[in-house]
Amino acid sequence: LLLLLVAAWGPCFSGAFRTPQRQWPVPYRRFDYRPKTDPYCQARYTFCPTGSAIPLMKEEDVIEVYRLQAPVWEFKYGDLLGHLKIMHDAVGFKSSLTGKNFTMEWYELFQLGNCTFPHLRPGMDAPFWCNQGAACFYEGIDDEHWKENGTLVLVTTISGTMFNEMAKWVKHDNETGIYYETWTVQASPDNQPIVWFDSYECSKFVLRTYQKLADLGAVFKKIQTNYTSIILFSGEPVYLGNETSIFGPLGNKTLAAAIRDFYYPFKPHRTVREFFVDLVKIIDRVILKHQFYLFYNLEYWFLPMKFPYLKIIYEEVPLPTGSKTSFGV
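Cut-offs used in this document
Residues numbered from 1 in each chain as written. Predicted model: local features only at pLDDT ≥ 70, side-chain atom pairs only at ≥ 80, totals over all residues. Heavy atoms only, no water. Helix = DSSP H or I, 4+ residues; strand = E, 2+ residues; numbered from the N terminus. Buried < 20%, exposed > 50% of the residue type's maximum accessible area, 1.4 Å probe, protein only. Disulfide = S-S within 2.5 Å. Pairing = 2+ DSSP bridges. Axes fitted to C-alpha atoms, helices over the stretch in contact; angles between N-to-C directions. Contact = heavy atoms within 4.5 Å. Patch = residues over 30% accessible without salt bridge, like charges linked within 9 Å, V, L, I, M, F, W, Y side chains within 5 Å. Areas by Shrake-Rupley, 256 points an atom, 1.4 Å probe, with all protein chains shown as cover. Salt bridge = Lys/Arg side-chain N within 4 Å of Asp/Glu carboxyl O. Lys, Arg positive; Asp, Glu negative; His and termini not counted. Charge placed at Lys NZ, Arg CZ, Asp CG, Glu CD. Phe/Tyr/Trp six-rings, centres within 6.5 Å; stacked < 30°, edge-to-face > 60°. Lys NZ or Arg CZ within 6 Å of the ring centre and 35° of its normal. Polar contact = N/O pair within 3.5 Å; in protein donor to acceptor, adjacent residues only side chain to side chain.

Visitor: Got a minute to help me understand unusual backbone geometry in this structure?
Guide: With glycine set apart, most residues show a phi of negative sign, and most peptide bonds adopt trans. Here the bond from Trp 24 into Pro 25 is cis, since omega is -5°, no more than 30 degrees from zero. Counting through the fold element by element, Pro 25 comes out in the loop between helix H1 (2-5) and strand E1 (62-71). Cis geometry is adopted by the peptide bond preceding Pro 308, which originates at Phe 307 and carries an omega value of 5°. Despite not being glycine, Lys 85 has its phi angle at roughly 60°, a positive value. With respect to the helices and strands, the residue Lys 85 is situated in the loop between helix H2 (74-77) and strand E2 (87-95). Residue Lys 85 is classed as partly exposed on the basis of its relative accessible area of 40%.

Structure below.
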């Protein structure tokens, strides 16, 4: 956890790379299908252990939609990360016809650390990533989990028809958006900064779901809704290449070594001494040398870091307004 919080503090980079004119923020890349995960990637906590298919609701059903939010790893650490406003988001549903509750969320297949930093495996030149994320749907809402240190509040009501349309969208969204992206990267902490890269995590899934429901006709309550973002601050990013162009037979060996060297201090630590030695290296590279390597869309970028380097914000994102007539709710 501590490494994640100071992770804005990374390799020696030198060289003249020209950055072509690009669209900012860089569009999140979508894929035609979800690849199988490598057996090397293992999770301490099983992904979606009680998951089930999204049910088909009757058209005349009236379904309550709930905003769910709790501190990350609340089940293990309680409200510890809630004090830092590091929150996890989900959506809850309650059917008026059956009385059944459901929870839907999107999170990492192999925990946050694996999505944020790679493994440096012996015999492999390129860093190895276990960074898939996916949607999880299951019956029930753990009221105690969401209420004790977080939020469980009704935000809108939808019809069964709208729910079924949303379910189709979730399937497509889940099959095409497959990689978790921890960092938001922007130019400054100003109110309207240039955003170089946008994160792709649980809160963004919830926001996309709300927007889809609004587009289908859902009318949301006027309540304040805040979400967590972990932001890196940098000058204009420099595109470096993908795994093949950097680490392949014809790749840039100097750059490849620098990227591996950058990620090395973020490895799991066995002793307290090892942790603090690597922490000093991270601070030296990112804060003193203003350097960070970002992996985004399966490509590597160099970030010329600048003050304040890293910030965790808990900012308001208003609930959406619809663009269609409601499906009879």
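Having put the structure on the table, let's press on.
Visitor: Looking at this structure, how should I read the state of the cysteines?
Guide: By definition, a disulfide links the sulfur atoms of two cysteine residues through a covalent bond. Evaluation of the coordinates by the stated rule reveals 2 disulfides. Disulfide partner of Cys 41: Cys 130, at an S-S distance of 2.0 Å. Every disulfide takes its handedness from the sign of the S-S torsion; for Cys 41 and Cys 130 that torsion is -85°, giving left-handed. With Cys 41 in the loop between H1 and E1 and Cys 130 in the loop between helix H3 (111-116) and strand E4 (133-139), this residue pair connects regions lying 89 residues apart in the sequence. A single burial state applies to Cys 41 and to Cys 130, both of which are buried. Across the disulfide, Cys 48 is cross-linked to Cys 136 (sulfur-sulfur distance 1.9 Å). An S-S torsion of about 80° defines the bridge between Cys 48 and Cys 136 as right-handed. Residue Cys 48 is located in the loop between H1 and E1, and its partner Cys 136 is located in strand E4; the two are separated by 88 residues in the primary sequence. A relative accessible area of 16% means that Cys 48 is categorised as buried. On the accessibility criterion, Cys 136 (2% relative accessible area) is buried. Of all cysteine sulfurs in the structure, the one in Cys 130 sits closest to Cys 115, which takes part in no disulfide; the separation is 8.6 Å. Under the relative-accessibility criterion, Cys 115 is labelled buried at 5%.

Visitor: Please clarify how the sheet that holds strand E5 (residues 151-159) should be interpreted in this entry.
Guide: In sheet architecture, strand pairing relies on hydrogen bonds along the backbone and comes in two forms, parallel and antiparallel. Pairing is antiparallel in the open sheet, where 5 strands are placed in the order E4-E3-E2-E1-E5. Pairing within the sheet leaves two strands with one partner each, and these edge strands are E4 and E5. Mean inter-strand twist for the sheet, computed between neighbouring axes without regard to direction, equals 25°. Against the sheet, helix H6 (residues 202-216) touches E1, E2, strand E3 (101-108), E4 and E5, its axis set at about 35° to E2.

Visitor: Which parts of the structure should I look at to understand a negative patch on the surface?
Guide: On the surface, a cluster of negative charge is contributed by Asp 142, Asp 143, Glu 144 and Glu 148. Note on placement: Glu 144 falls in helix H4 (residues 143-149). Given a relative accessible area of 58%, Glu 144 falls into the exposed group.

Visitor: Which parts of the structure should I look at to understand the packing of aromatic side chains?
Guide: To describe a pair of aromatic rings, one takes the distance between the centres and the angle between the planes. Tallied over the entire structure, the rule returns 31 aromatic pairs. For the pair Trp 24 and Trp 196, a centre-to-centre distance of 4.9 Å together with 80° between the ring planes defines the contact as edge-to-face. Of this pair, Trp 24 sits in the loop between H1 and E1 while Trp 196 sits in strand E7 (residues 195-197), and the two are 172 residues apart along the sequence. Assessed through its relative accessible area of 22%, Trp 24 is described here as partly exposed. Arranged with centres 4.7 Å apart and planes meeting at 50°, the rings of Phe 47 and Tyr 107 form a pair that is tilted. Highlighted residues: Phe 47 in the loop between H1 and E1 and Tyr 107 in strand E3, separated in sequence by 60 residues. Cluster of aromatic residues (ring-pair linked, three or more members): Phe 117, Trp 129, Trp 183, Phe 247, Phe 262, Tyr 263, Phe 266, Phe 292, Tyr 293, Phe 295, Tyr 300 and Phe 302. One residue, Arg 67, lies across the ring of Tyr 227, its end atom 5.1 Å from the ring centre.

Visitor: Mind showing me how you'd approach the side chain of Thr 182 here?
Guide: Examined against the element boundaries, Thr 182 turns out to sit in the loop between helix H5 (160-176) and strand E6 (184-186). The exposure class of Thr 182 is buried, given its relative accessible area of 7%. Within the local environment of Thr 182, its side chain forms a polar contact with the side chain of Thr 116, the two groups lying 2.8 Å apart. Ignoring any residue separated from it by four or fewer positions in sequence, one finds Thr 182 in contact with Leu 112, Cys 115, Thr 116, Ser 199 and Ile 230.

Visitor: What exactly am I supposed to notice about the environment of Leu 279 here?
Guide: As for its placement among the helices and strands, Leu 279 is situated in helix H9 (residues 272-288). Leu 279 gets classed as buried once you look at its relative accessible area, which sits at 12%. With 13 residues separating them in the primary sequence, Leu 279 and Phe 266 have C-alpha atoms 8.4 Å apart.

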